[in-house]
Amino acid sequence: MSRSRLILAACATMLIAAGCRPDPPPPDPVPTGPTAEELERMRQDSIRAAEEAARRERERMEQEAAAARERAAAAARRTLMEVVYFDYDEATIRPDTEERLRAKLDILRDTPGVRLRMEGHADERGTSEYNFALGNDRAESVIRFLTGFGLDMGRFSSVSYGEERPVAQGSTEDAWAQNRRVEFVITAGGNDLGR
Amino acid sequence: MTTRGLRWLARTTVPAVSLAVLAAGSAAQEEEAAIPGVSLGFVYEGERIPPIAIRPFTGGGPASNIASIIATDLDYSDRFYVRDSLPAGVDTEGIQYSLWDQYGVDWLLTGNIDSEDGIAFLDVELHDIVFSSIRSRARFPIPPPGHEGFRLAVHQVSDAVVEWVHGDPGMAASRIVFSMRPFGNPGSKELYVVDSDGEGLRRVTWDDDLAVSPAWSPDGTHIAYTSFKSGLPRIYELNLADGSERTVEGSSGEQQFSPSYHPDGDRIAFWSLEAGGAKGISTYNIREGCCLIRLMGGYHQNIQPSYSRDGSKLAFLSNRLGSQTPQIYVMPGDGGDAELLSPYRYGQGGYFADPDWSPTADMVAFAGGIVDQRVYNQYDIFVRDIEAPDNRIVRLTTEGNNEDPSWAPDGRHLVVAGVRSYGYGVFVVDTATGRTRLLVAGVRAEDTDWSPQLSWQGGGVETGGAGSGAEPGDFR
């Protein structure tokens, strides 16, 4: 209850009792309103809030873009490092190997800073010394395929581990098939991926 | 004819030392050996193995230990039949030739340990029982049994005895190096060395990576090998005396494999793969650190060079006839045209690898076989005599798997990394009799290489030298 209402109520009581005249109502308080400074501050505050929101939105979009780039980079890295396989005592490129190499080719064209080391491997059959040569034939075969599409030879190096680093143990067709392979190691330019 | 007369006849008949082949033993073996131009058999034809007795050595101390090491060595030499139970009441002073003749031995070895100024000397005498005379005698310094050179010093005595009787070098004072995965670190391979009698197995590299294809220098003081310890396979030469290393110069990114020493001990041949695809067999002077020469290149693989005993030729492996049929070839030691050495026939297939040239003759041992690609781990050892006019090749082994043959300094035994029904191991095969001895049991060894003759006083022994003062002579 406002103060004026209290006074009116009091006067009404007194009027009945003594016939008094009510006091004139006090003037309405002058509407003071925000000062110029306050207005300016509010304007600045709203600008800041808008800017903040825009910044957050921008960051969110940047993060999303970065995450997308990250995903793309990871996908590119996975594609580049995907192992390729060979037939027994052969270094020729099989159709499934060619498919994987073509996928690598697309990435390598887009990222000229990326360098790869091809690591050739053989299964345990055959002598260990011959398998060093065979593992290297496979690595060189992969390099020849890629440079055949115009990629710079200087981006690639090779090493042969022969039969010394099997991924699958055992003397079965399945284990041998997994061990006749070339692995890929990114030696430079990995940060260029996904850009 | 008396037994003595038979023994006399055997002694005076010179055994054939040309490549000859025994008739295949059984029909099954005949069938198994069905590679055209290849026969199953042995490198030397049925040589009579003379019986020898070793009288207990006198002089006390390590005498009986020494005699027992020598008895084992002479047995392992496959050049003697060692009589291990002696007749009762053998003489200890003087030699009663008639008694030993009755016992049925051709040879008798006696020995006495004698200490002079704290140094022990072993005096040995080799008695020719058939001719009732001393064939040879010599005095050998022997370090005390705790000394690292003790067993090698005794092995040198054994080699002297082999040389006195047969005129050929022995192989007791020698060692074998091979590559194997160490316990607890299956991702790596290290080099191990073992004595010719299977004693003293020890590790010589700690690369913590792949250490493979070792080769002894001709003087026995160095081992050249391939190690991945820098990230790429490169050749290192390890000085066994002080552990220091030399390397082979090469372009960056170059991979180097499988060194083989020229008999001059300065040059090595090896094969390499360069970044960019160039590859082939080269030679390099590792003593001077110079003079890299490419002997053979090309599209195909040309790998695993092995020098002949005089360095004039190189045996090597090439897949120029097809990727699945690697074959052994021979070319001049300074490069040139290559000739096929292994038993290739068009359409027949075949996989041959690991050539190793004999240190005493123009013979090359190699591993392989006419194998179907689905057959795994079934290689045999073959020997090809370059001088033989009939191009005949002998297949020495008939069971399990056999790889990485390397000749002993006697030019008669081969060490082989292999598998038998009872497991993996390092084996010694006598090319004359086919007798096979398990050198190191239960190890999955590779790249076996047999040293030259070694001396306990350091380094190797020139072939033909058989210890101090060991002159074969007639002491009748």
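See above for the structure.
Residues numbered from 1 in each chain as written. Chains lettered and ligands numbered in written order. Predicted model: local features only at pLDDT ≥ 70, side-chain atom pairs only at ≥ 80, totals over all residues. Heavy atoms only, no water.

Brief notes about the overall build of chain A
Part 1: Broken down by element type, chain A carries 5 helices and 4 strands.
Part 2: Mapped from its N terminus to its C terminus, chain A presents α and β elements in the order α-α-β-α-β-α-β-α-β.
Part 3: Each of the 195 residues in chain A was classed as buried or not, and the buried ones make up 35%.
Part 4: When the accessible area of chain A is evaluated, it comes to approximately 11600 Å², of which 55% is carbon and sulfur surface. (Helix = DSSP H or I, 4+ residues; strand = E, 2+ residues; numbered from the N terminus. Buried < 20%, exposed > 50% of the residue type's maximum accessible area, 1.4 Å probe, protein only. Areas by Shrake-Rupley, 256 points an atom, 1.4 Å probe, with all protein chains shown as cover.)

Remarks on unusual backbone geometry
Residue and element names in this part refer to chain B.
Part 1: Its identity is not glycine, yet C291 carries a phi of approximately 65 degrees, on the positive side.
Part 2: At D404, a position not held by glycine, the phi torsion is positive, near 55 degrees.
Part 3: Judged by relative accessible area, D404 falls into the buried class, the value being 5%.

A word on the sheet that holds strand β24 (residues 380-385) of chain B
Residue and element names in this part refer to chain B.
Part 1: Spatially, the 5 strands line up as an open sheet ordered β1-β25-β24-β23-β22, and their pairing is mixed. One side of each edge strand has no neighbouring strand; the edge strands of this open sheet are β1 (38-40) and β22 (351-357). Strand after strand, the sheet turns through a mean of 30 degrees between neighbouring axes, direction not considered.
Part 2: In terms of strand pairing, β1 meets strand β25 (residues 393-395) through 3 bridges, oriented parallel. Across the sheet, the residue bridging to S39 is V394, located in β25. (Pairing = 2+ DSSP bridges. Axes fitted to C-alpha atoms, helices over the stretch in contact; angles between N-to-C directions.)

A closer look at the state of the cysteines
Here is the idea: a disulfide is a covalent bond, and it sits between the sulfur atoms of two cysteines.
All names here are of chain B.
Part 1: Tallied over the full model, the rule gives 1 disulfide over all chains.
Part 2: C290 shares a disulfide with C291; S-S distance 2.2 Å. Taking the torsion about the sulfur-sulfur bond, which here is approximately -70 degrees, the covalent link between C290 and C291 counts as left-handed. (Disulfide = S-S within 2.5 Å.)

Some thoughts on the nonpolar core
Part 1: In this structure, F228, W271, M331 and F366 of chain B are the most contacted members of the largest nonpolar core, which totals 39 residues.
Part 2: Sorting the residues of this core by element identifies α4 (128-147) of chain A together with β15 (267-273), β17 (290-296), β18 (302-307), β19 (313-318), β20 (327-332), β22 and β23 (363-369) of chain B as the ones contributing at least two each.
Part 3: In this structure, F228 of chain B is in contact with F132, V159, S160 and Y161 of chain A together with D209, L210, P233 and F257 of chain B, ignoring residues within four places of it in sequence.
Part 4: The next biggest cluster of nonpolar side chains, apart from the first, holds 30 residues, and it includes I66, W107, L109 and A160 of chain B. (Core = buried A, V, L, I, M, F, W, Y, C linked by side-chain atoms within 4.5 Å. Contact = heavy atoms within 4.5 Å.)

So, the pattern of salt bridges
Part 1: Inspection of every chain in the model, using the stated rule, returns 44 salt bridges over all chains.
Part 2: R181 of chain A is the salt-bridge partner of E183 of chain A, the closest N and O atoms lying 2.8 Å from each other.
Part 3: One salt bridge connects E237 of chain B with R246 of chain B, and the closest N-O pair in it is separated by 3.4 Å.
Part 4: A single network of salt bridges, built from pairs that share partners, joins E52, R55, R56 and E59 of chain A. (Salt bridge = Lys/Arg side-chain N within 4 Å of Asp/Glu carboxyl O.)

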